[in-house]
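Read off the chains here:
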Amino acid sequence: MRADEVFFREWERRRPGETRSLARARELARMLDVLPPGAPVLTVVGSKGKGTAATYASAFLVAAGLRVCTVTSPGLRTNRDRIRIDGRAVTEAELASLGRLLDGAMAELDPPADGYLSPSGLFTLAGVLHARRAGAEALVLEAGMGGRSDEVSLFPPDVAAITPIFLEHAGVLGDTPAEIAEEKRGVAGPATRLVSAPQTPEVAEVLGPVEYVRDGGVPADLLPAGLGRAAAAVGVAAGRLIGGEVPEGQLREVLSTVVLPGRMSWHTVPGTATTLLVDSAIDGTGIAAALAAARDRWGEVDHAVVCLPDHKDLDGAVRALGDLPVTYVRLPQPHLRFTRPLPPAWDVVGSAAITPEALATLGYRVAVLGTVYFTGLVLDRIDAATDRLFLPPASVPASRRPSGSGA
């Protein structure tokens, strides 16, 4: 059995029309003894930038001297990336151990008659369990999808960070941005403090009284450029509500080391002269921003490799890409659909065609854009470093650093 098999077991066996069951997830959490989680919880919800916000919130809390467990969704290259201590992904052995604990507890549950245990929910439970085993002093949880209906809602947050909200997963989370905002805000309990990136008036009206954040109260050079800046700023502000103020030098020591693979990240294809800009842009605005950054750095872009399932903003992407040569990639995941008509000039390939050798044939300056499942696949194919997202301060005792940190 592979280390992550148990996380996907019920989802892979789900019946047509079956939905995930929060009730079964809650019962499993009780059996694992992670209710309550035993540490302050910072939860990140939103439509875009959740991973960036979670990373910067975690880095801030580590700079504040706390041992932090972070759970994000999906993974970057592997499912180990979903659970981290102080920015470093768990090992294969640690993930396998968590899988065995889940497997044992799930064997005691009644069969899934009213819904399945979702992969993202099981990783959330495993992350909270790992936090307890690792002695984490704070938890940062990224919602897989939604808020009230997501398994993160089993752990009422002390602080909720809200990244930009727009129309996504229409018909699942809601039919309007306002309905989606209501679902995402529903993760908060009566005592939860909320901070948010700037929102549209429609969304802001639903969110109600929240603290809006623009720069996170840190020097601009400590935040990423582009559209990810707002999410990073709200992550920092949310972290401050739990970790308190941190001296600028101490904060700089950690935030200056943050890397965000797949979010405006630059990589060389091994053994070639080809450079990639990899960005998980899923709408016209994000793709336009990524292409602007690429042209600012390179002068021109030779080719774009794009992957946008049907529920993403393909029309906006087509407009942003213009007459740029494009290779469109269809992924094999059964929950992703690729049925919409494409511009006739675009090449269309399957994911198996995305190899370092194939990328190198597209030119010296290639933009890789699309859903996080795709950018993660590309990061894996080029063997990009994703194990560590930031370094703890040098003042952290070696005994408290994650194993193998080398920091």
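Residues numbered from 1 in each chain as written. Predicted model: local features only at pLDDT ≥ 70, side-chain atom pairs only at ≥ 80, totals over all residues. Heavy atoms only, no water.

Enquirer: Please clarify how the pairing of strand E7 (residues 193–196) should be interpreted in this entry.
Expert: The pairing of strand E6 (residues 159–162) with E7 spans 4 bridges and is classified as parallel. Note that in E7 the partner of Ile162 across the bridge is Ser196. Pairing between E7 and strand E8 (residues 211–212): 2 bridges, direction parallel. When the sheet's bridge partners are listed, Val195 is paired in E8 with Glu211. (Pairing = 2+ DSSP bridges. Helix = DSSP H or I, 4+ residues; strand = E, 2+ residues; numbered from the N terminus.)

Enquirer: Just checking my understanding: could you explain the sheet that holds strand E9 (residues 265–268) for this structure?
Expert: Hydrogen bonding along the main chain pairs the strands of a sheet, whether they run parallel or antiparallel. Within the open sheet, the 6 strands sit side by side as E9-E10-E14-E11-E12-E13. Their pairing is mixed. The outermost strands of the open sheet, each flanked by one partner alone, are E9 and strand E13 (347–350). Averaged over all neighbouring strand pairs, the angle between strand axes comes to 25 degrees, with direction disregarded. Where strand E11 (residues 303–307) and strand E14 (residues 365–370) come together, 5 bridges link them in parallel fashion. Across the sheet, residue His303 finds its bridge partner in E14, namely Val366. The strands touched by helix H13 (residues 372–381) within the sheet are E9, strand E10 (275–279), E11, strand E12 (326–330) and E14, with E14 carrying the most contacts at an inclination of about 140 degrees. (Axes fitted to C-alpha atoms, helices over the stretch in contact; angles between N-to-C directions. Contact = heavy atoms within 4.5 Å.)

Enquirer: What is the right way to read the sheet that holds strand E5 (residues 138–142) from this model?
Expert: Strand order in this open sheet of 8 strands is E4-E3-E2-E5-E1-E6-E7-E8, and the pairing throughout is mixed. The open sheet has two edge strands, strand E4 (88–89) and E8, and neither has a second partner. Alignment of strand E2 (residues 68–71) against strand E3 (residues 83–85), held across 3 bridges, turns out to be antiparallel. The residue of E3 that forms the bridge with Thr70 is Arg84. Lying on the sheet, helix H3 (residues 50–63) is in contact with strand E1 (41–45), E2 and E5; it crosses E5 at an angle near 170 degrees.

Enquirer: Looking at this model, I keep getting lost on the pattern of salt bridges. Mind explaining?
Expert: Should the charged atoms of two oppositely charged side chains come close, the side chains can pair. Taken as a whole, this structure holds 21 salt bridges when the rule is applied. Note that Glu5 and Arg9 form a salt bridge whose closest N and O atoms lie 2.9 Å from each other. With Glu5 and Arg9 both in helix H1 (residues 5–12) and 4 residues apart, the pair spans about one turn of that helix. Here Arg9 falls in the buried class, since its relative accessible area comes to 16%. For Glu245, the salt bridge is made with Arg240, and the minimal N-O distance between the two is 3.4 Å. Judged by relative accessible area, Glu245 falls into the exposed class, the value being 65%. Through salt bridges with shared partners, one network takes in Arg80, Arg88, Glu92 and Asp387. (Salt bridge = Lys/Arg side-chain N within 4 Å of Asp/Glu carboxyl O. Buried < 20%, exposed > 50% of the residue type's maximum accessible area, 1.4 Å probe, protein only.)

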